Amino acid sequence: MMTRQFTSFDPPRRTLMGPGPSDVYPRVLAALSRPTIGHLDPAFSDMMEETKALLQYALRTGNPLTLPISAPGSAGMEACFVNLVEPGEEVIVCVNGVFGGRMSENVLRAGGVPVVVEDAWGMPVDPQRLEDALRAHPSARLVAFVQAETSTGVLSDVRLLTEIAHRHDALVIVDAVTAVGGCALEVDAWEVDAIYTGTQKCLSAPPGLSPVSFGPRAVERLQSRRRPVQSWFLDHTLVMGYWGDGARRSYHHTAPINSLYALHEALLLLWEEGLEQAWERHARLHRGLRAGLEALGIEFLVAPEHRLPQLNTLRIPEKIDDATVRGRLLSEHGLEIGAGLGALAGKVWRIGLMGHSARSENVFTCLAALEQVLGELGAPIEPGAAVDAAGSALQETPLAQSA
Ligand SMILES: *Cc1c(COP(=O)(O)O)cnc(C)c1O
């Protein structure tokens, strides 16, 4: 019999420009490897308090109920639905991509009745259709939508959609997994009721945590539930005791201690840079990447006014094989870009410029690699044009201007 040999896992070095995870900041990786301490240690409690405050900064909110769920973005999504939906309730779900579809599935699993308002993939959520749905379903008390739809690269208008929902006495749940840190988001000023995000997109920490924030109306809704939340682990009324004030913290589950060191460090980096500066950095690098892609003759799926800077969805050029290109980018250039998801599989590529991946060296690496691979596959490409175009675009908008 053969004996199998095992060795430590040493991952290949990659440049991550897909839809997440993004490149993790070296300082965040260093934080991850610091010694583990007890989760009820006072030093750890202090760090949890700071993490909450930094999350409030990143979300632009004063909501006391702001904490990271100990599981990935999908769990943050589930937490919002299980806490705010009661069996039999109608929930309006705006679907313009994969993640809106998952929200609708979550409503069902929480015993609710989803009323789906569909928009074409590649288009933002249409405010008029939401308004119509709220008129047609006056008993609906909850509206859910995605701010930054990662499957299509589309930005929807959180402020306007929230305003419409509130006019009809409905609260909102907003998916901001790809949004936070990469584009403008104002939880308090826009009066968002419940929001969840993730760590591995524009925050550039490893995956595995999902920051969630509930505003006053959502807390009131939670406290006046007729039935207990069906999930024990995600029940906010219990989790709050664990993330509550230092001395009164009580055991709920064991926090992923080192992952929280990493999140704390990633949020600290965002705070040091400044939130608005981070938004501007993503916008600027998007302009550079866009100029380069246009020079390669590659088209965007989404109209300019609805594009996410942090997630660029591109039509795969004719006669070019999707898997061949992505495979060669990975094996020859150590570069990961994203495939199409759901209905867009095989039709688009998704190039992420998220968090630590949103820097000029990544833009140039990506354009040079695409030029080489596409050129070898016979695409008509002018050598050097993409990198030149990106260079000019980045020079026109130096970062200092935004400060
Ligand atoms: C990535 C993502 C999620 C899911 O996050 P996971 O950490 O993969 O569970 C949810 N919504 C959107 C918009 C996302 O981009």
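Residues numbered from 1 in each chain as written. Predicted model: local features only at pLDDT ≥ 70, side-chain atom pairs only at ≥ 80, totals over all residues. Heavy atoms only, no water.

1. Quick word on the domain arrangement of the protein chain
Operational definition: All domain edges in this entry derive from an automatic or database-based domain assignment. The contact criterion used throughout is that any non-hydrogen atoms of two residues lie within 4.5 Å. Note on definitions: buried area is the accessible-area loss of two parts on being combined, 1.4 Å probe, summed for both. Within this document, salt bridges are pairs made up of a side-chain nitrogen of Lys or Arg and a carboxyl oxygen of Asp or Glu, the two lying within 4 Å of each other.
Taken domain by domain, the protein chain consists of domain 1 (26–271) and domain 2 (274–395). Here the C-alpha centroids of domain 1 and domain 2 sit 29 Å apart. Every contact between the two is made by 30 residues of domain 1 and, on the other side, 24 residues of domain 2. With both chains or domains summed, domain 1 and domain 2 bury close to 2,100 Å², and 64% of this area falls on carbon and sulfur atoms. Summed over the three residues of domain 1 that lose the most area to domain 2, namely Arg60, Trp121 and Gly153, the buried surface amounts to 20% of that side. Our enumeration of links across domain 1 and domain 2 arrives at 1 salt bridge. Among the ionic pairs, Glu276 bridges to Arg60, the shortest N-O distance being 2.9 Å.

2. As for the packing of helix H11 (residues 322–333) against helix H12 (residues 360–376)
Packed helices, taken two at a time, are described by the angle their axes make and the gap between the axes. Threshold: Throughout, an axis means a line fitted to C-alpha atoms (over the contacting stretch in the case of helices), and angles, computed between N-to-C directions, take values from 0 to 180 degrees. In this text, helices come from DSSP runs of H or I with a minimum length of four residues, and strands from runs of E with a minimum of two, each type numbered from the N-terminal end. Here is the rule for angles: anything less than 35 degrees is roughly parallel, anything more than 145 is roughly antiparallel, 65 through 115 is roughly perpendicular, and the remaining ranges are oblique. For any helix crossing, the convention is left-handed if the near helix is rotated counterclockwise from the far helix by under a right angle, and right-handed if that rotation is clockwise.
In the contact formed by H11 and H12, the axes pass within 10 Å of each other and the chain directions differ by 125°. By the angle between their axes, H11 is oblique relative to H12. The two elements H11 and H12 meet at a crossing, and its hand is right-handed. Residue-level contacts link Val325, Arg328, Leu329, Glu332 and His333 of H11 to Ala369, Leu370, Gln372, Val373, Leu374 and Glu376 of H12.

3. Digging into the pattern of salt bridges
A complete count under the given rule lists 21 salt bridges for this structure. For Arg141, the salt bridge is made with Glu89, and the minimal N-O distance between the two is 3.0 Å. Here Arg141 is found in the loop between helix H5 (127–136) and strand E5 (142–146), whereas its partner Glu89 is found in the loop between helix H3 (73–84) and strand E3 (90–95), with 52 residues between them in sequence. The partner of Glu191 in a salt bridge is Arg217, with the nearest N and O atoms 3.3 Å apart. Taken together, the residues Glu191 in the loop between strand E8 (171–175) and strand E9 (194–196) and Arg217 in helix H7 (residues 216–223) connect sequence positions 26 residues apart.

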